[in-house]
Structure formats: C-alpha cells, structure tokens
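# Coordinates in review
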Amino acid sequence: MKIVHVASEMFPYVKTGGLADVVGALAQALAQKGHEVTVFLPGYRAVLDHPEVAPLLQRTRRLRIQMGDMFMTGDVREFTPEPNLKICLICREEFFDRRAPYGNGERDYEDNHHRFIFFCKGVVEVMRLYEIDADVVHGHDWQAGLLPLLLRSAEQRHGLNLAMHTVHTIHNIAFQGLFPMRSFYRTNLPKEFMGIDGVEYYGQASMMKAGLLFADRVTTVSPQYAKEIQTSEYGCGLDGVVQTRAEDLVGMVNGIDSAIWNPATDARLPATYSASDLAGKTACRKALLASQGFDPEFSGTVFGMVCRLTEQKGVQFVLANQAFFVREEVRLIVLGAGDAALEEQMQLLAAEHPGKVAYKGALDENLSHLVEAGSDFFLMPSLFEPCGLNQMYSQVYGTVPVVTRVGGLLDTVTDIDSDPAAGTGILVEATDEGVGKGLQRALALHGDRSAYAAVQQRGMARDFGWATATAAYEAFYAELMG
Ligand SMILES: Nc1ncnc2c1ncn2[C@@H]1O[C@H](COP(=O)(O)OP(=O)(O)O[C@H]2O[C@H](CO)[C@@H](O)[C@H](O)[C@H]2O)[C@@H](O)[C@H]1O
C-alpha cells in the first residue's frame, strides 16, 4: 500500500510526547512490512539540525502556498532514513525555525494556526507536485486536522486524485487547535465549511473538529478511550461530534518500539537485563539513586515518574500525597517539564526534602530510560489517558505501574487485586485518596518480596511490541480499501 502519514512529531527527529514515539514506530514498522510510506513533518529547527538528518537532507523543491489573499513561499526537503520510508519536511523559516514546536514554554505561539494551515497546505501541494496518489492519507492530532478538507478541495480544484482514503487519529482530544474564525479565510476553503456543520466550535474554528468530521475514518489509541471521548466527562466538548462518527471510530492500542524500549538491549542504561536475570536492574537502580544524590544502597521503595508535567498526568495527585513520600521510607524521582505552576510545586517539594524527593524539569531521554529501569514502581495516575506508553515500558522493564482506571491504562494494565493470577500493576481511582491508597498498596506489595517478584515477572512477560498494533493498522487499512 502507499501510505502517507502527516504529523507534527516523529521520534527520533522531534518529540515532545508520545505522539512522536507512535508516529516513528508505526511508520517504520509499516515500511519494514513492505508498504511505501511517506511521513510529512514540519521542517522544525530540531529536525533540520538533527545529526541523523542533516547529512541526508536534500532540498527538493520550492513551494508557493496560497494563504488567503497572499502567497507564502517555502520549500520541501526530504530524506530516506531506510528503504520504503521517506520523510518530507515542509519548511518555512519564519514558521518552523524556532526553539520549540508549539510555544516558548510560557505560552503557545500566537501564529500556530497559520503555521499548521501552511503545513497542511504544504503537504497537499507536495502530494500534487509529486503526483502521490496515496491509498491512505493518515493525519495525527489537531495539527493535521484540516488535511482531509484541504485534500478533497485540492482534488476538486485540480481535477485529480491525491488520496483514496483519509484517516484521522486522535492521540489527545484535549488539544484541539482552536483559532479565531477571522483567520479561516487563510485556508481558502469554501465558506460553507465555516458553520456548525464545518469547523465552527463555539465561535472559533477547530482543527481537531475538522479532522473528526471530514476524515473517512477516525481512530484513537485505545478501545477504552474510544468509548470515553463519546461522553461529556472525557470528550472535552467534542463528545457530540465524536458521537456522530461512532460508526467510523475505532480504538487501537499503541505498541512500544522494542528496538528502543527493551531492557535486554537498551544502550542508554548502565546495565542491561532480562526476566531471567535481574542483576542489571539492580545496577540500574543503584545508578538512578546515585544520579539523584541518594544512597545507591537504599533498600526502601523507589517511585519513579516521567511525563509532561500537566494535570492530565495526575501530577496534582502526587503533590497532594506529599506527606506519604516525606513520612515513609521511600524515594520519589520525577522527570518532567510542562505546566509552570506544577513545575514550581515539584521543585519546592524536592528542595524541601532533598534526601527523599528528586525532580528534574527537563526533557532527558537517557534519564527517562534510567527511571523506567531503576524504579520499583512507576507512577502514572492520569486524569485521562488516551493510551499511554510509560505504563507499557514499565511492565517490560520489571517496574510495577501504579495507574488510574482510565483510557488505555485500563486496557493495558491488569490489577493485582482484581486478578491476582494475572495482575501486572496497581489500578486506582483518579482522586487524591485513590492515589494515596495505591501508594500504600505499592508499599505493601514491595514488602512481600515474592509477591512483588511474581508481579514483576508477569509484566516482563507481556508483549507490547508494535507487531500487534501494526497488524491492526494493516487490517484496518485493508478493510478501508475494501
Ligand atoms: N521529561 C521527559 N524526558 C524524556 N522523555 C519524556 C519526558 N516527558 C515525557 N517523556 C516521554 O514522552 C512519552 C510520553 O508518552 P505518553 O504516550 O505516555 O504521553 P503523551 O501524553 O505525551 O501522548 C499522547 O499521545 C500518546 C500517543 O498516542 C498517547 O499514548 C497518550 O495517551 C497521549 O496523551 C514517553 O516516551 C515518555 O518517556
């Protein structure tokens, strides 16, 4: 099949969260299965400067993109990291040559709507220039939301076929790409799409809504989240729109990239290990504790957490339970950047209890692997979680996850009390008290070394590799094509 993915992030070139891991792994897995895969990304500074990209990069074509009543120039540069996989970067310095993809750390860039209208239009234009008649054009999240509409309108205008089918995947419905309706003219789409049956959302325009309404099929990243986003509790205001697509909506759990997240081969760790020999895990634990200024021989319980520091990830529940971490014979190690207020509170907690709590507010790929490998428990008490990757990494790294009963967490972690024979983690309610109970259950489990070891072994035996997810996407594409 000829498959085009359109996304704003892709590991290893640019990553702010799980979207990057998924796009990177899925595109590669499909290419390895013999499909002809093209991935479109914005030409961010991070990508252009990436050491694996710069030597391969070719500037291929100038682009002239209509944005309302003016034309903007840009260019497309491409590289081929491996057979069957081509990456096309839609470049325009003014839009994408910036320090970070979406904002300056304090606020989102004010021209994000122009940037991603330009990006989607650039994709369509390159597909036209290269005559890519794709079997499937698969867009991810709000940044690609306008693509189905723009594709179909370009096909009409130019009288050609660009895509047989379009798919839109929701990785997180909380981010919707809202922009002022007065900027809609920049899309050059017919006015009929401005209304309530189009992109209009409470007086603004919503790129996510455009993707949801106009893609042939909609997917999300777990069956549970597919159900949840049809409710007002989790739909973030778009539940009504999702309901209208219920028949075309499917939830498929992400995989994890076993070439990168595998304790037996992980080059980022000081020692590797497997279920049959956990000596390397002990070495990682010591290295993790030492890296945070703790005694490497500490024998209590080590809790780790790696996430974007936002309410979604339940950081507030951890902060609300700070008395637990201060009182008990435990260590807490948190890695995550994000919301300024949460960062400040976490910083304060670590500063007040330097012997017990460590916090690093930055993106650090190496440390994220060490936290996964060296902790006894991984905390992921999300308020909502479309799929989640770290709870899967944790299980295969022999680190017992403590997670809330939501979204993909519910689909991928089995509770040790509800199912003692198959349990791989601790599931809790998404409240301060629920998380507090989970922490106590973790302590009790860790106190019973043979019970803990059994849970660890069951987690490590689980297979979350991309083979299953890739097969699911292939079957889904095949069904789409009839
Ligand atoms: N400070 C830091 N340093 C290094 N690495 C860090 C880091 N902070 C986070 N990460 C990494 O970023 C990734 C986070 O992935 P998730 O899927 O858990 O969450 P995210 O909410 O970003 O993704 C959204 O999209 C994905 C993909 O579909 C869904 O799984 C998820 O539920 C949805 O919210 C992991 O690889 C993690 O290790």
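What counts and how
Residues numbered from 1 in each chain as written. Predicted model: local features only at pLDDT ≥ 70, side-chain atom pairs only at ≥ 80, totals over all residues. Helix = DSSP H or I, 4+ residues; strand = E, 2+ residues; numbered from the N terminus. Rg over C-alpha atoms; globule rule 2.2 N^0.38 Å. Buried ≥ 20, exposed ≤ 12 C-beta atoms within 10 Å, placed from the backbone. Pairing = 2+ DSSP bridges. Axes fitted to C-alpha atoms, helices over the stretch in contact; angles between N-to-C directions. Expected span 1.5 Å × (residues − 1). Arc of directions from axis to C-beta. Near = placed C-beta within 6 Å. Nonpolar A, V, L, I, M, F, W, Y, C, P; charged D, E, K, R; others polar. Domains from an automatic or database assignment. Contact = placed C-beta atoms within 7 Å. Core = buried A, V, L, I, M, F, W, Y, C linked by C-beta atoms within 7 Å. Parallel < 35°, antiparallel > 145°, perpendicular 65-115°, else oblique.

## Some details on the overall build of the protein
- Secondary structure assignment for the protein yields 18 helices and 18 strands.
- Against the compact-globule benchmark of 23 Å for 482 residues, the protein has a radius of gyration of 23 Å, which places it among compact chains.
- Oriented by its inertia axes, the alpha-carbon framework of the protein measures out at about 70 × 45 × 45 Å.
- Looking at the protein as a whole, 49% of its 482 residues are labelled buried.

## Thoughts on the sheet that holds strand 18 (residues 426–428)
- Sheet architecture is open: six strands sit in the order 15-14-13-16-17-18, paired in parallel fashion. Of all the strands in the sheet, the pair left with one neighbour each is strand 15 (357–360) and strand 18. Strand after strand, the sheet turns through a mean of 20 degrees between neighbouring axes, direction not considered.
- Here three bridges tie strand 17 (residues 400–404) to strand 18, and the two strands are oriented parallel to one another. Looking across to strand 18, one finds that V402 is bridged to I426.

## As for helix 16 (residues 432–447)
- The end-to-end C-alpha distance of helix 16, which contains 16 residues, comes to 23 Å, matching closely the 22 Å that a straight helix rising 1.5 Å per residue would cover.
- Within helix 16, burial applies to V435, G438, L439, A442 and L445. Each buried residue of helix 16 lies within a common arc of 125 degrees when the element is viewed along its axis, so the set occupies one face. Those residues of helix 16 that are exposed and angled more than 90 degrees off the buried face are E433, A444 and G447.

## Considering the site of the ligand
- Around the ligand, a shell composed of 26 residues is seen, among which G17, G18, H171, P386 and C387 lie nearest.
- For the shell around the ligand, the elements supplying multiple residues, two or more each, are helix 1 (18–32) and helix 13 (365–374).
- The element that contributes the greatest number of residues to the shell around the ligand is helix 1, accounting for four residues.
- Tallied by class, the residues present in the shell around the ligand amount to eleven nonpolar, ten polar and five charged.
- Of the residues that make up the shell around the ligand, three or more belong to each of domain 1 (2–255 + 467–480) and domain 2 (279–463).

## Looking at the sheet that holds strand 6 (residues 134–140)
- The strand order across the open sheet built from nine strands is 3-4-5-2-1-6-7-11-12, with neighbouring strands paired in mixed fashion. The open sheet terminates on both sides in strands that have one partner only, identified here as strand 3 (58–67) and strand 12 (249–251). Recorded for the sheet is a direction-independent mean angle of 25 degrees between the axes of neighbouring strands.
- With six bridges connecting them, strand 6 and strand 7 (residues 163–170) associate as parallel partners. Bridge pairing in strand 7 places A134 opposite A163.
- Its contacts with the sheet put helix 1 on strand 1 (2–6), strand 2 (36–42), strand 4 (70–82), strand 5 (85–91) and strand 6, and the angle it makes with strand 2 is roughly 155 degrees.

## Side note on the nonpolar core
- V23, L26, V39, L41, C120, V123 and L147 are the most contacted members of the largest nonpolar core, which totals 145 residues.
- With ten residues, the top contributor of residues to this core is helix 1.
- The residues that make up this core include at least three from each of domain 1 (2–255 + 467–480) and domain 2 (279–463).
- Apart from the residues within four sequence positions on either side, V39 is in contact with H5, A7, M10, V23, A27 and I87.

## With respect to unusual backbone geometry
- Following F11, the chain continues to P12 via a peptide bond in cis, the omega torsion being 10 degrees.
- Structurally, P12 can be placed in the loop between strand 1 and helix 1.
- The phi torsion at N84 lies on the positive side, around 70 degrees, for a residue other than glycine.
- Tracing the backbone shows N84 in the loop between strand 4 and strand 5.
- Under the C-beta neighbour-count criterion, N84 is labelled partly exposed, with 17 such atoms within 10 Å.
- Although it is not a glycine, C236 adopts a positive phi angle of roughly 50 degrees.
- Locating C236 in the fold gives a position in the loop between helix 7 (223–228) and helix 8 (239–244).
- C236 gets classed as partly exposed once you count the C-beta atoms within 10 Å, which come to 16.

## Brief notes about the packing of helix 1 against helix 18 (residues 466–480)
- Where helix 1 contacts helix 18, the axes come no closer than 10 Å and their chain directions differ by 75 degrees. Relative to helix 18, helix 1 is oriented roughly perpendicular. Across the interface between the two elements, A25, L26, A29 and L30 of helix 1 pack against W466, T470 and Y473 of helix 18.
- Residues belonging to the contact of helix 1 with helix 18 are distributed by class as follows: six nonpolar, one polar and no charged.

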